[in-house]
Amino acid sequence: MSSAQTLRQWLTSDVPTSRRQAKLAALYQAWLAFRGNLMAMIGLAILLLLVFTATFAPWLAPHDPLAQDLAARLQPPLTEGYFLGSDSLGRDILSRLIYGSRITLYIVAMVTLLAPVVGLFVGTIAGYVGGWTDAILMRLTDIFLAFPRLVLALAFVAALGAGIENAVLAISLTAWPPYARMARAETLTIRNSDYIHAIRLQGAGAMRIITKHIWPLCISSLVVRVTLDMAGIILAAAGLGFLGLGAQPPSPEWGAMISEGRKFILDHWWVATMPGLAIFTVSLAFNLLGDGLRDVLDPKDGSQ
Amino acid sequence: MALADTNTKGRRKSPFLQFVIKAAKTLGAIAVTMLGLLFVTFFIGRVMPVDPVLSVVGERATKEIYDAAYIKLGLDKPLIVQFFTYVIDVIQGDFGKSLRTGFPVSIDIKRVFPATLELATLGTLIGVFVGVPLGVLAAVKRGTWIDQVARVVALIGYSMPVFWIGLIALLVFYGILGWVGGPGRLDIFYEDIVPSVTGMILIDSALAGDWTIFRNAFSHIILPACLLGYYSLAYISRMTRSFMLEQLSAEYVTTARVKGLKESAVIWRHAFANIKVQLITVIALSYAGLLEGSVLTEIIFAWPGIGSYITTSLLSADMNAVMGGTVVVGLVFVCLNIFADLLYKFFDPRAK
């Protein structure tokens, strides 16, 4: 990059001089398109705030999330020292929400690491290898797709025992099939293209073709789908927590907090309301972001 | 769900033979899916628990009781034999006995399923009657504030935790305003008065001509049904919008406009007529989704349906009931999916 050029010019150049520049320029273009979408930017901002909150929880929270103070139980919001009120054991709801963001992020991260990766593996292998492998893998996918997700997750947690890791596992087990379907469809369209034949003639093995040449092309639609699904995943995790099958008390998981507040809903509405608002905000943010990403990365079924 | 891969290669066969082969393939695929479903529930119920006997007899059982249960569950036989025994039992409608209620699971399910069906049906009706016009309107007024409002309404629907909004709705409409009935299907003094014909109280009370009970049942069902309806509305309105947009940009719509048809005729008689099949598929899918999605709603509203049945059994480690409930919900889910698929193939000539 010559010194006279600004970074912006370098990024928007029509004639990239290196592969890296071309890649970065494409990213920059996507970012420009994305930036124009107000709703998506709001979603992104909320999620960045969530990550910030989770990272700096000990510094942000005014109280220990587990510290009980029975003298100050069920304080309404805006009470001195309890901005969002306190719960039935006198724990500060705001602090619990702040620490709870860590659990939400943990669930999001774990499911993101599990479900799409499994789906990508199964889908690309089925699509690339074809034949019997394809038939068996896709039938398996159909079976899992046919199952109602929450009920399956419930049954899994029931068998494995309650707990946050098992909730993550159960949700992932029910979440991977759509990704496998998608990855397979993409693989089928890519599989017979000329460049794949060229690579095969150069002697590349199946493993290399799948990981190096098919996966990168599946990623963008997968990212959109995962972002859009994330709201559902957060709701499912909170639902399991609410039923007492996810994170166990006294952990400040948002769904479990709603379930605790349920007993006092008529007289002390805030105990259940606040964590619900938190769940709603985060899943809305994922939906907004996913909608925006779809418009940018996957314009064929964009909504605008 | 792609149930049958259409095989276009090979020699030409007679239409009848083709039909038979296709039907056999579809039936085969359904059978395999059902078998897989049973395998998964079997796996969950019998293989995954560390000790399935303990979950039946409890931790303080004596050695004799334990051994008897061990034999009775057939755990001394190989897994594959156990699985086939399970499949044969299920085909005969035998899901074992519920430890919590003491009744056979199949009888329990027959009792609770109509409640869920009633709720999900009303929810779907609300979703269709609000969602479809909203979606059509959003597509026609694309890019205007109406479209934006419809988009936000749907996004909120996708993002709201149902168990939370259910609680808040109960608090506001029952606790504070007193507009609707509380949790449960009926006020307690109305229970067990109308003879149970279908198990759905709205229909039963209407059949018996008892309108006091009908009104009471309606005041109880309306809130959870509206909530479920909102969820299905979110999905149905988005799908309707995108189907409509596709049609409205087609050339035949321009032709219809050019020849001077009224806008309402263009929209409803031309464009909408072409999305009906797709729409029915979407509605069937959303119906299936509601049958499942009602699990959490049922808990909040103390609705004695299959969702509450599964969860309460689950919390008391009643694996037979959980497995039975899961299989039944799964079967209904699969059937609705297949139904949607067949409908699509049957009515839409392009899918052939």
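Residues numbered from 1 in each chain as written. Chains lettered and ligands numbered in written order. Predicted model: local features only at pLDDT ≥ 70, side-chain atom pairs only at ≥ 80, totals over all residues. Heavy atoms only, no water.

## Some points on the overall build of chain A
Regarding its fold elements, chain A presents 12 helices and zero strands. Its helices and strands taken in sequence order, chain A reads α-α-α-α-α-α-α-α-α-α-α-α from the N to the C terminus. With the principal axes as the frame, chain A shows a C-alpha extent of 75 × 60 × 30 Å. Out of the 304 residues belonging to chain A, those deemed buried represent 51%. In chain A, which carries 22 positive and 19 negative side-chain charges, the distance between the mean positions of the two groups comes to 10 Å. (Helix = DSSP H or I, 4+ residues; strand = E, 2+ residues; numbered from the N terminus. Buried < 20%, exposed > 50% of the residue type's maximum accessible area, 1.4 Å probe, protein only. Lys, Arg positive; Asp, Glu negative; His and termini not counted. Charge placed at Lys NZ, Arg CZ, Asp CG, Glu CD.)

## Looking at the overall build of chain B
The helix and strand inventory of chain B stands at 13 helices and zero strands. Each principal axis of the C-alpha distribution contributes one length, and for chain B these read about 85 × 70 × 40 Å. Scored against the burial criterion, the 352 residues of chain B give a buried share of 49%. Considering only contacts in chain B between residues 6 or more positions apart, those separated by 24 or more positions represent 70%. When the 30 basic and 24 acidic side-chain charges of chain B are each reduced to a single mean position, those positions are 14 Å apart. (Contact = heavy atoms within 4.5 Å.)

## Looking at the environment of A:Arg181
Residues and elements named next belong to chain A. Within the element layout of this structure, Arg181 appears in helix α8 (residues 164–191). Note on Arg181: relative accessible area 26%, which makes it partly exposed. In this structure, the C-alpha to C-alpha distance between Arg181 and Gly127, residues 54 residues apart in sequence, is 9.3 Å.

## Considerations on the interface of chain A and chain B
How big an interface is tends to be stated in terms of the accessible area lost upon association of its parts. Of the residues lining the interface, 46 residues belong to chain A; the matching set on chain B comes to 47 residues. In total, chain A and chain B occlude about 4,200 Å² of area from one another, counting both sides; carbon and sulfur atoms represent 76% of this. At the surface where chain A touches chain B, the tally comes to one salt bridge. For the pair chain A and chain B, the interface holds six residue pairs in polar contact (both at pLDDT 80 or more). Looking at which element gives the most residues to the side of chain A that touches chain B, the answer is helix α12 (residues 270–297) of chain A, with 12 residues. Class assignment for the residues of the side of chain A that touches chain B results in 31 nonpolar, eight polar and seven charged. (Buried area = accessible area lost by both parts, 1.4 Å probe. Salt bridge = Lys/Arg side-chain N within 4 Å of Asp/Glu carboxyl O. Polar contact = N/O pair within 3.5 Å; in protein donor to acceptor, adjacent residues only side chain to side chain. Nonpolar A, V, L, I, M, F, W, Y, C, P; charged D, E, K, R; others polar.)

## Examining the domain arrangement of chain B
All names here are of chain B. By domain assignment, chain B separates into domain 1 (29–92) and domain 2 (108–351). Relative to domain 2, the C-alpha centre of domain 1 lies at a distance of 35 Å. The partner domain 2 presents 11 residues to the 13 residues of domain 1 that form the contact. Around 940 Å² of area is buried between domain 1 and domain 2 when both sides are counted, 84% of it from carbon and sulfur atoms. At the boundary of domain 1 and domain 2, one finds zero salt bridges. For the pair domain 1 and domain 2, the interface holds zero residue pairs in polar contact (both at pLDDT 80 or more). Of all the elements, helix α1 (residues 15–47) adds the most residues to the side of domain 1 that touches domain 2, at 10 residues. Tallied by class, residues from the side of domain 1 that touches domain 2 come to eight nonpolar, four polar and one charged. (Domains from an automatic or database assignment.)

## Notes on helix α9 (residues 211–248) of chain B
Residue and element names in this part refer to chain B. In this model, α9 (38 residues) spans only 45 Å end to end at C-alpha, well below the 56 Å of a helix rising 1.5 Å per residue. Of all bends in α9, the biggest is about 35°, found at Ile222, and the proline Pro224 comes one to four residues later. Capping the start of α9 is the job of one residue whose side-chain oxygen sits 3.4 Å from the backbone nitrogen of Thr212: Asp210. (Expected span 1.5 Å × (residues − 1). Bend = angle between axes of the 7 residues up to and from the residue.)

## Quick word on the packing of helix α11 (residues 263–300) of chain B against helix α12 (residues 306–315) of chain B
All names here are of chain B. Running from N to C, α11 and α12 cross one another at 80°; their axes reach a closest spacing of 7 Å. When the axis of α11 is compared with that of α12, the two are roughly perpendicular. Listed contacts from α12 to Val295, Glu298 and Ile299 of α11 are Ile306, Gly307, Ser308 and Thr311. Across the contact of α11 with α12, the residue classes break down as three nonpolar, three polar and one charged. (Axes fitted to C-alpha atoms, helices over the stretch in contact; angles between N-to-C directions. Parallel < 35°, antiparallel > 145°, perpendicular 65-115°, else oblique.)

## Some remarks on the packing of aromatic side chains
The final tally for this structure, using the stated rule, is 15 aromatic pairs over all chains. With a centroid separation of 5.1 Å and an interplanar angle of 80°, the aromatic rings of A:Phe121 and A:Trp215 are classed as edge-to-face. Here A:Trp215 lies in helix α10 (residues 206–242) and A:Phe121 lies in helix α5 (residues 93–129), a separation of 94 residues in the sequence. Residue class for A:Phe121 comes out partly exposed when judged on its relative accessible area of 37%. Summarising the aromatic geometry, the rings of B:Trp268 and B:Phe272 are spaced 5.0 Å apart at their centres and angled 65° between planes, so their arrangement reads as edge-to-face. Pair noted here: B:Trp268 and B:Phe272 are both in helix α11, with a separation of four residues, about one helical turn. (Phe/Tyr/Trp six-rings, centres within 6.5 Å; stacked < 30°, edge-to-face > 60°.)

## As for the packing of helix α5 (residues 105–140) of chain B against helix α13 (residues 319–347) of chain B
All names here are of chain B. The geometry of α5 relative to α13 is characterised by a closest axis approach of 10 Å and an angle of 55° between their N-to-C directions. By the angle class used here, α5 and α13 are oblique. α5 and α13 meet at a crossing whose hand is right-handed. For the pair α5 and α13, the contacting residues are Val105, Ile109 and Phe113 in the first and Asn320, Ala321, Gly324, Gly325, Val328 and Val332 in the second. (Left-handed = near helix turned anticlockwise from the far one by under 90°.)

## Topic: the environment of B:Thr101
All names here are of chain B. Its location among the elements puts Thr101 in the loop between α4 (79–91) and α5. Once the C-alpha coordinates of Thr101 and Gly45 are considered, the two residues, 56 residues apart in sequence, prove to be 18 Å apart. At a separation of 2.6 Å, a polar atom in the side chain of Thr101 contacts the side chain of Asp108.

## Observations regarding a nonpolar patch on the surface
Residue and element names in this part refer to chain A. A cluster of nonpolar side chains, contributed by Leu49, Phe52, Phe56, Trp59 and Leu60, occupies part of the molecular surface with about 570 Å² of accessible area. Elements that contribute at least two residues to the nonpolar patch include exactly α3 (38–55) and α4 (57–60). Along the polypeptide, Leu49 turns up in helix α3. Looking at Leu49, the relative accessible area reads 54%, which means it is exposed. (Patch = residues over 30% accessible without salt bridge, like charges linked within 9 Å, V, L, I, M, F, W, Y side chains within 5 Å. Areas by Shrake-Rupley, 256 points an atom, 1.4 Å probe, with all protein chains shown as cover.)

## Some thoughts on the side chain of A:Asp92
Residues and elements named next belong to chain A. If you trace the backbone, Asp92 turns up in the loop between α4 and α5. No salt bridge is formed by the buried Asp92; its nearest oppositely charged neighbour, Arg96, is found at 9.0 Å. Looking at Asp92, its side chain comes within polar contact range of the side chain of Ser95, at 2.6 Å. In this structure, Asp92 is in contact with Pro62, His63, Gly81, Tyr82, Phe83 and Gly85, ignoring residues within four places of it in sequence.

## A closer look at the side chain of B:Asp108
Residues and elements named next belong to chain B. Within the fold, Asp108 resides in helix α5. A polar contact is formed between the side chain of Asp108 and the side chain of Arg111, at a distance of 2.9 Å. Excluding residues within four positions of it along the chain, Asp108 makes contact with Ser98, Thr101, Phe103 and Tyr309.

## Section: the pattern of salt bridges
Overall, the coordinates contain 11 salt bridges over all chains when judged by the stated rule. The closest approach of N and O atoms between B:Arg111 and B:Asp108, which form a salt bridge, is 2.9 Å. Here B:Asp108 and B:Arg111 lie together in helix α5, a separation of three residues that amounts to about one turn. For B:Arg111, a relative accessible area of 48% translates into the label partly exposed. B:Asp108 gets classed as buried once you look at its relative accessible area, which sits at 0%. Between B:Asp147 and B:Arg241 there is a salt bridge whose closest N-O contact spans 2.9 Å. With B:Asp147 in helix α6 (residues 145–159) and B:Arg241 in helix α9, the pair connects residues that are 94 residues apart, well separated along the chain. Accessibility classification places B:Asp147 together with B:Arg241 in one group, the buried group. Among the ionic contacts, a cluster of salt bridges with common partners joins A:Arg139, A:Asp142 and A:Arg181.

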